[in-house]
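Here is how the chains run, residue by residue.
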Amino acid sequence: MPTIYKSGAFLQQCFSVHPRSLSFKMLTLPDKIGIACVNCNFRHRLTVTSISRIIGDAEAFEEGDAESLKSCVTQHKEDLHVTEVSVEQDFVQFRCRLCKTGFQVNIVMYETYQP
C-alpha cells in the first residue's frame, strides 16, 4: 500500500515545476477528481466541495456545472489541463482546449501518492 500524503504541497510543486505534465485522469461525482503527473509519477486525488464554470475573468455559478465537467471528461478528457493551483485558497482550475470552457473546483482535501 503506497503512502498517501494529505497535503496540497505536492500538487502545487508539480504545477510549479512542470505544469504541462499534469493530466486529468478521473471524475467521480459528486466529489472526487484525479490528476496524474507523468513527470514524477504522482497521483493527486482531490475531494471537491463545488465546481464552477469560468467565463472570462468571472466565475459563473450555475446549476449543472458538475455535469458540464462530466460531459467534457467523458467526451475529450485528454483536452482538459490544469491551468492554476492555489493551495492557499484551496482551488484548482482546469481548461478544456476543445470546448474552450474553464472550470474551478474548490478543494476540501488533497491526497497524493505514487503507485
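Bear in mind that the values here come from a model prediction, so they are computed numbers and not experimental data. (Residues numbered from 1 in each chain as written. Predicted model: local features only at pLDDT ≥ 70, side-chain atom pairs only at ≥ 80, totals over all residues. Heavy atoms only, no water.)

1. Here we look at the confidence of the model for the protein chain
On average, residues of the protein chain score 90 in pLDDT, and 92% of them reach the 70 mark or higher. When the elements of the protein chain are averaged for pLDDT, strand 4 (residues 58–60) gives the smallest value, 58, and strand 2 (residues 32–37) the largest, 97. (pLDDT = per-residue confidence, 0-100. Helix = DSSP H or I, 4+ residues; strand = E, 2+ residues; numbered from the N terminus.)

2. Quick look at helix 2 (residues 65–76)
An ideal rise of 1.5 Å per residue puts 16 Å on 12 residues; helix 2 measures up with 16 Å between its terminal C-alpha atoms. Of all the residues in helix 2, the buried ones are Asp 65, Leu 69, Cys 72, Val 73 and His 76. Projection of helix 2 onto a plane perpendicular to its axis shows the buried side chains occupying an angular sector of 110°, all on one side. What points out from helix 2, more than 90 degrees from its buried face, is the exposed set Thr 74 and Gln 75. (Expected span 1.5 Å × (residues − 1). Buried < 20%, exposed > 50% of the residue type's maximum accessible area, 1.4 Å probe, protein only. Arc of directions from axis to C-beta.)

3. Topic: the pairing of strand 7 (residues 101–113)
Summarising the sheet, strand 3 (residues 43–55) and strand 7 pair through 11 bridges and their orientation is antiparallel. Paired with Ser 52 across the strands is Gln 104, a residue of strand 7. Taken together, the 6 bridges between strand 6 (residues 91–96) and strand 7 define a ladder with antiparallel strand orientation. Along strand 7, the bridge assignment pairs Val 92 with Val 105. (Pairing = 2+ DSSP bridges.)

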